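Residue-level structural notes
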Amino acid sequence: MGCFFSKRRKADKESRPENEEERPKQYSWDQREKVDPKDYMFSGLKDETVGRLPGTVAGQQFLIQDCENCNIYIFDHSATITIDDCTNCIIFLGPVKGSVFFRNCRDCKCTLACQQFRVRDCRKLEVFLCCATQPIIESSSNIKFGCFQWYYPELAFQFKDAGLSIFNNTWSNIHDFTPVSGELNWSLLPEDAVVQDYVPIPTTEELKAVRVSTEANRSIVPISRGQRQKSSDESCLVVLFAGDYTIANARKLIDEMVGKGFFLVQTKELSMKAEDAQRVFREKAPDFLPLLNKGPVIALEFNGDGAVEGCQLIVNEIFNGTKMFVSESKETASGDVDSFYNFADIQIGI
C-alpha cells in the first residue's frame, strides 16, 4: 500500500511544466535578516566620538577593540560585549544580557550594566557598574568601582529586554582571582564621585538626541552604598511583594528614606519559596506565604540611626493598605537583613 503523501508529491511533479525547475525549499532560518558583524563593532579608532542609538543594536553581540582616546556610547541592549586593547577611552554600555569582558585595557572610564562582568590584564579602570552577579577581576590592578548612575527614556525597557533587574546589583562585591599579598588590586570610588566627571554626556549632534541624565534621583538603577562601611549599627529590611505598583512603590520608599537622611545599602529582586519565607519572616510567615505566588519580591536594606522607626512611619503614612514586611525593631532588624541576604546570595551563587 502506497503512501498518500508520496502519491501527491508525484502528482505535483508530473503536473509541473518541463521547463520549470523545482523551487528550493524555504526554511524559517532562511528568512532571517543577515547580520554583518562590522555593524556591531568599533575597531581601530582614535580620537573619535562614536555610538549606537536606541534600537540599532537590538540584542546583538558587540565588539570594541584597538581604540585610543575615544568616547564610545552604546545606547541599546546587547547580548555580550568584549572590549579588547583599548586605551584612554570613555565607554557607556546599555544593558548587556550576558557578559562584559575587558581584556588588556588601560586608563578607561566606563558606565555599564550587565549580567556578568570580568576584567583581565587591565590597568587603571574606573567603572560605574550594575552587575547581577559577582564582578571578577584577574591579573589586573588599580580597578575602581562605583554604583551605576544613568538615565535616558529607553533605558528601563532595555533592562527588561536584556533580562536584567534594576534591583540586582552587586557592584561592590568584587572577587579577585589573582590577589597579591599586601596589595589591593581594586577599590571603591569616592562616595561623592560625580559620574559625569568620569563618563560625560555625549555632545555630538547624533548622540545628543538621546535624552541622558546623570542626576542621582533620576538613575534607573537605585544608587546603593554596597560594601562601604555602614554609618550605623542599625539597619532595616523591607520586603515588597509582587503587584502592579511594586517597582513604583520601591522607588518611592527609597526616595522618602534617602530624603530623610537614611542610606540605601543594597537591593534585591528574586523569587522566594515557602521555606525561605519561614526563615526570613519567622512567625509572620503565614501572612506573606500567599503573596509569594504572585511573583518575585523586592528587598531593600536601609541603614542609619532610627532606620527601623523611620521606615515604619513612612510605610504607615504613605503605603497604608499595601502589604509589606518591615523589620519590627532595632533588635531584630540585623537578623532580618542577614537572613534574607544570606539566602539571596546562595540563590545567585555568591
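Each value, and the rule that gives it
- Residues numbered from 1 in each chain as written.
- Predicted model: local features only at pLDDT ≥ 70, side-chain atom pairs only at ≥ 80, totals over all residues.
- Heavy atoms only, no water.
- UniProt positions renumbered as here; feature names shortened; annotations may be inferred.
- Helix = DSSP H or I, 4+ residues; strand = E, 2+ residues; numbered from the N terminus.
- Expected span 1.5 Å × (residues − 1).
- Buried < 20%, exposed > 50% of the residue type's maximum accessible area, 1.4 Å probe, protein only.
- Arc of directions from axis to C-beta.
- Contact = heavy atoms within 4.5 Å.
- pLDDT = per-residue confidence, 0-100.
- Phe/Tyr/Trp six-rings, centres within 6.5 Å; stacked < 30°, edge-to-face > 60°.
- Axes fitted to C-alpha atoms, helices over the stretch in contact; angles between N-to-C directions.
- Parallel < 35°, antiparallel > 145°, perpendicular 65-115°, else oblique.
- Left-handed = near helix turned anticlockwise from the far one by under 90°.
- Nonpolar A, V, L, I, M, F, W, Y, C, P; charged D, E, K, R; others polar.
- Pairing = 2+ DSSP bridges.
- Polar contact = N/O pair within 3.5 Å; in protein donor to acceptor, adjacent residues only side chain to side chain.

Looking at an unreviewed UniProt entry, one finds the protein chain named Protein XRP2 and attributed to Papio anubis. Here is the UniProt Subunit (unreviewed entry) comment for the protein chain, exactly as written: "Found in a complex with ARL3, RP2 and UNC119 (or UNC119B); RP2 induces hydrolysis of GTP ARL3 in the complex, leading to the release of UNC119 (or UNC119B). Interacts with ARL3; interaction is direct and stimulated with the activated GTP-bound form of ARL3." One UniProt comment on the protein chain, placed under Subcellular location (unreviewed entry), says "Cell membrane".

Some details on helix α5 (residues 246-259)
The α-helix winds at 3.6 residues per turn, so residues separated by three or four positions along the chain end up facing the same way. Taking 1.5 Å of rise per residue, 14 residues should cover 20 Å, and α5 covers 20 Å from first to last C-alpha, within 8% of that figure. Among the residues of α5, Thr246, Asn249, Ala250, Leu253, Ile254 and Met257 are the ones counted as buried. Across the axial projection of α5, the buried residues extend over an arc of 135 degrees, all falling on one side. Close packing links the buried residues of α5 with β13 (235-240), β14 (263-270), β15 (297-303), α8 (307-318) and β16 (324-326). Taken from the residues just after α5, Gly261 is the one with a positive phi, measuring 95 degrees.

Details of the confidence of the model for the protein chain
Predicted confidence across the protein chain gives a mean pLDDT of 90, with 89% of residues reaching 70 or more. Across residues 4-8, where pLDDT falls below 50, the model places one contact with residues more than four positions away in sequence or in other chains.

So, unusual backbone geometry
For residues other than glycine, phi is negative in most cases, and the peptide bonds are mostly trans. One non-glycine residue with positive phi stands out, namely Asp85, at about 55 degrees. You can see Asp85 is positioned in the loop between β5 (81-84) and β6 (90-103).

Quick word on the packing of aromatic side chains
As enumerated under the stated definition, the model contains 16 aromatic pairs in all. Here the aromatic rings of Phe117 and Phe145 are separated by 6.0 Å at their centres, their planes lie at 85 degrees, and the arrangement is edge-to-face. Taken as a pair, Phe117 in strand β7 (residues 106-120) and Phe145 in strand β10 (residues 141-147) lie far apart in primary sequence, 28 residues in all. With respect to burial, Phe117 and Phe145 carry one shared label: buried.

Concerning the packing of α5 against α8
Interhelical geometry of α5 versus α8 gives an angle of 130 degrees and a closest axis separation of 10 Å. By the angle class used here, α5 and α8 are oblique. α8 is crossed by α5, and the crossing has right-handed handedness. Contacts from Lys252, Leu253, Glu256 and Met257 in α5 reach Ala307, Gly310, Cys311, Ile314, Val315 and Ile318 in α8. For the contact of α5 with α8, the class distribution of residues is seven nonpolar, one polar and two charged.

Comments concerning the sheet that holds β13
Strand pairing within a sheet occurs via backbone hydrogen bonds; the two strands may be parallel or antiparallel. Pairing is antiparallel in the open sheet, where four strands are placed in the order β14-β15-β13-β16. Edge strands, defined here as strands with exactly one partner in the open sheet, are β14 and β16. Averaged over all pairs of adjacent strands, the angle between strand axes in this sheet comes to 15 degrees, irrespective of strand direction. As paired elements, β13 and β15 share six bridges and run antiparallel to each other.

Examining the pairing of β5
Note: strand β3 (residues 62-65) against β5, four bridges, orientation parallel. Bridge pairing in β5 places Phe62 opposite Ile81. Sheet topology note: the β5/β6 ladder contains four bridges and is parallel. What sits directly across from Ile81, in β6, is Val100.

Regarding the side chain of Thr214
Its place among the elements puts Thr214 in the loop between α4 (205-208) and β13. According to the relative accessible area criterion, Thr214 is buried, its value standing at 11%. Looking at Thr214, its side chain comes within polar contact range of the side chain of Gln196, at 3.0 Å.

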